[in-house]
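The primary structure of each chain is shown beneath.
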Amino acid sequence: MLRRVVIKLSGEAIGSEHGYDDSIIKSIVEQIILLVQTRMQVALVVGGGNYWRGRHSCSDMDRVKSDQMGMLATVMNALYLQDMFRRHGQKAKVVTPFQIGNITEMYERDSALEMLESGMVLINAAGLGHPMFSTDTIAALRAAELEADCILFAKNTDGVYDSDPHKNLAAKKYRTLSYRTAIEKDLNITDMSALHLAQQAEIPSYVFSLNAPNSITLAGSYPETGNLNGTYVCARSVEIWHD
């Protein structure tokens with residue numbers, strides 16, 4: 001069982017442009033609470049793609065303004081998750097790299113560690129507070145700062161493939177691989193800055209499908225992941241394929 005994890009959730013995973021999917025969010029929250037009850041420390045990083053994605057903006061829109069809008073979108077998602085945790089009797093705190101009135105708290109490492117050690121779920125929003133970086137990068141950075149045992153990437157795909165499985169029916173899925181391989185082959189896991197950060201900090205990642213039953217609970221018990229069959233990525237690993 002892992003001791004401390006950072007879980008990356010995309011905005012699309014918890015909602016759509018038409019609102020939030022409460023049944024999915026309820027399942028996510030219940031699974032995370034089960035992990036906390038095993039004394040696992042959980043930090044979340046949430047995206048904002050259900051509200052705003054820079055690539056969907058006008059071609060002549062300023063990139064900085066587009067990214068700032070994305071940061072604010074993640075805050076709305078984080079607040080919704082926080083309230084869902086409250087409704088389930090679990091304490092959670094939203095932290096951001098810049099002050100947003102009295103809505104969130106400023107992220108500070110020692111304070112964040114105290115929150116985690118007290119059994120509180122730490123929800124990171126607003127990314128790095130600067131444009132040009134994705135929420136994948138903040139997940140890797142927070143994992144390094146908080147000395148997490150693993151980064152759990154909950155995605156819409158069930159692992160890492162050698163090519164796009166939607167376009168290539170013969171694509172093969174990795175069971176394990178190294179960050180070096182992922183970087184050199186430009187595999188579609190996260191952005192490059194996140195891969196380099198995780199590699200340098202020697203923090204492994206586990207990539208899995210959020211849609212699989214009890215996926216977060218199973219991912220948190222890696223390597224006893226049952227039938228989850230995701231992909232384990234670390235600084236030193238040989239390439240092993242799923243059958």
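Our structure's up above, just so we're on the same page.
Below you will find a few notes about this structure.

How each quantity is defined
Residues numbered from 1 in each chain as written. Predicted model: local features only at pLDDT ≥ 70, side-chain atom pairs only at ≥ 80, totals over all residues. Heavy atoms only, no water. Helix = DSSP H or I, 4+ residues; strand = E, 2+ residues; numbered from the N terminus. Rg over C-alpha atoms; globule rule 2.2 N^0.38 Å. Buried < 20%, exposed > 50% of the residue type's maximum accessible area, 1.4 Å probe, protein only. Contact = heavy atoms within 4.5 Å. Areas by Shrake-Rupley, 256 points an atom, 1.4 Å probe, with all protein chains shown as cover. Lys, Arg positive; Asp, Glu negative; His and termini not counted. Charge placed at Lys NZ, Arg CZ, Asp CG, Glu CD. Phe/Tyr/Trp six-rings, centres within 6.5 Å; stacked < 30°, edge-to-face > 60°. Lys NZ or Arg CZ within 6 Å of the ring centre and 35° of its normal. Axes fitted to C-alpha atoms, helices over the stretch in contact; angles between N-to-C directions. Parallel < 35°, antiparallel > 145°, perpendicular 65-115°, else oblique. Left-handed = near helix turned anticlockwise from the far one by under 90°. Nonpolar A, V, L, I, M, F, W, Y, C, P; charged D, E, K, R; others polar. Pairing = 2+ DSSP bridges.

1. Section: the overall build of the protein
Step number 1: When helices and strands are tallied, the protein shows eight helices and 12 strands.
Step number 2: Relative to the 2.2 N^0.38 estimate, which gives 18 Å for 243 residues, the radius of gyration of the protein is 17 Å and therefore close to what a compact globule would have.
Step number 3: The principal-axis extents of the C-alpha atoms in the protein amount to approximately 50 × 50 × 35 Å.
Step number 4: Residues classed as buried in the protein amount to 49% of the 243 residues present.
Step number 5: Sequence separation of 24 or more characterises 74% of the internal contacts of the protein that already satisfy a separation of 6 or more.
Step number 6: With an accessible surface of roughly 12000 Å², the protein has 50% of that area assigned to carbon and sulfur atoms.
Step number 7: Of the side-chain charges in the protein, 23 are positive and 28 negative, and the distance between the mean point of each set is 2 Å.

2. Notes on the packing of aromatic side chains
Step number 1: In the structure shown here, the tally under the stated rule is four aromatic pairs.
Step number 2: Here the aromatic rings of Tyr20 and Tyr51 are separated by 6.0 Å at their centres, their planes lie at 80 degrees, and the arrangement is edge-to-face. In this pair, Tyr20 sits in strand 3 (residues 19–20) while Tyr51 sits in the loop between strand 4 (41–46) and helix 3 (63–87), placing the two residues 31 residues apart along the sequence.
Step number 3: By relative accessible area, which is 22% here, Tyr20 ends up partly exposed.
Step number 4: Pairing Tyr206 with Phe208 gives two aromatic rings, centres 6.1 Å apart and planes at 20 degrees, and the pair type is stacked. An identical accessibility class is assigned to Tyr206 and Phe208; each is buried.
Step number 5: Grouped by ring-pair contacts, the aromatic residues Tyr20, Tyr51 and Tyr80 constitute a single cluster.
Step number 6: Over the ring of Tyr107 we find Arg142; its NZ or CZ atom is 3.5 Å from the centre of that ring.

3. Comments concerning the packing of helix 5 (residues 135–145) against helix 7 (residues 192–201)
Step number 1: The contact between helix 5 and helix 7 brings their axes to 8 Å, and the two run at 15 degrees. It follows from the interaxial angle that helix 5 and helix 7 lie roughly parallel. With respect to the hand of their crossing, helix 5 and helix 7 are arranged in left-handed fashion. Taking contact as the criterion, the partners of Asp136, Thr137, Ala140, Leu141 and Ala144 in helix 5 are, on helix 7, Ser193, Ala194, Leu197, Ala198 and Ala201.
Step number 2: Residue classes in the contact of helix 5 with helix 7 are distributed as seven nonpolar, two polar and one charged.

4. So, the sheet that holds strand 12 (residues 240–241)
Step number 1: What the 10 strands build is an open sheet, ordered 6-5-7-4-1-8-10-11-9-12; its pairing is mixed. The open sheet is flanked by strand 6 (105–106) and strand 12, the only strands paired with a single partner.
Step number 2: Note that strand 9 (residues 174–178) and strand 12 share two bridges and pair antiparallel. Paired with Tyr174 across the strands is Trp241, a residue of strand 12.

5. Remarks on the packing of helix 2 (residues 22–37) against helix 3
Step number 1: Two elements in contact, helix 2 and helix 3, have axes separated by 10 Å at closest approach and are oriented at 65 degrees. With respect to the hand of their crossing, helix 2 and helix 3 are arranged in right-handed fashion. Between helix 2, through Asp22, Ile25, Lys26, Val29, Ile32 and Ile33, and helix 3, the contact on the second element is made entirely by Tyr80, Leu81, Met84 and Phe85.
Step number 2: Partitioning the contact of helix 2 with helix 3 into residue classes produces eight nonpolar, no polar and two charged.

6. Considerations on the environment of Leu152
Step number 1: By the element assignment, Leu152 lies in strand 8 (residues 150–155).
Step number 2: Classification of Leu152 as buried rests on a relative accessible area of 0%.
Step number 3: Separated by 143 residues in sequence, Leu152 and Leu9 place their C-alpha atoms 8.8 Å apart.
Step number 4: Ignoring sequence-local partners within four residues, the contact set of Leu152 consists of Leu2, Val5, Val6, Ile7, Lys8, Tyr206, Phe208, Ala219 and Gly220.

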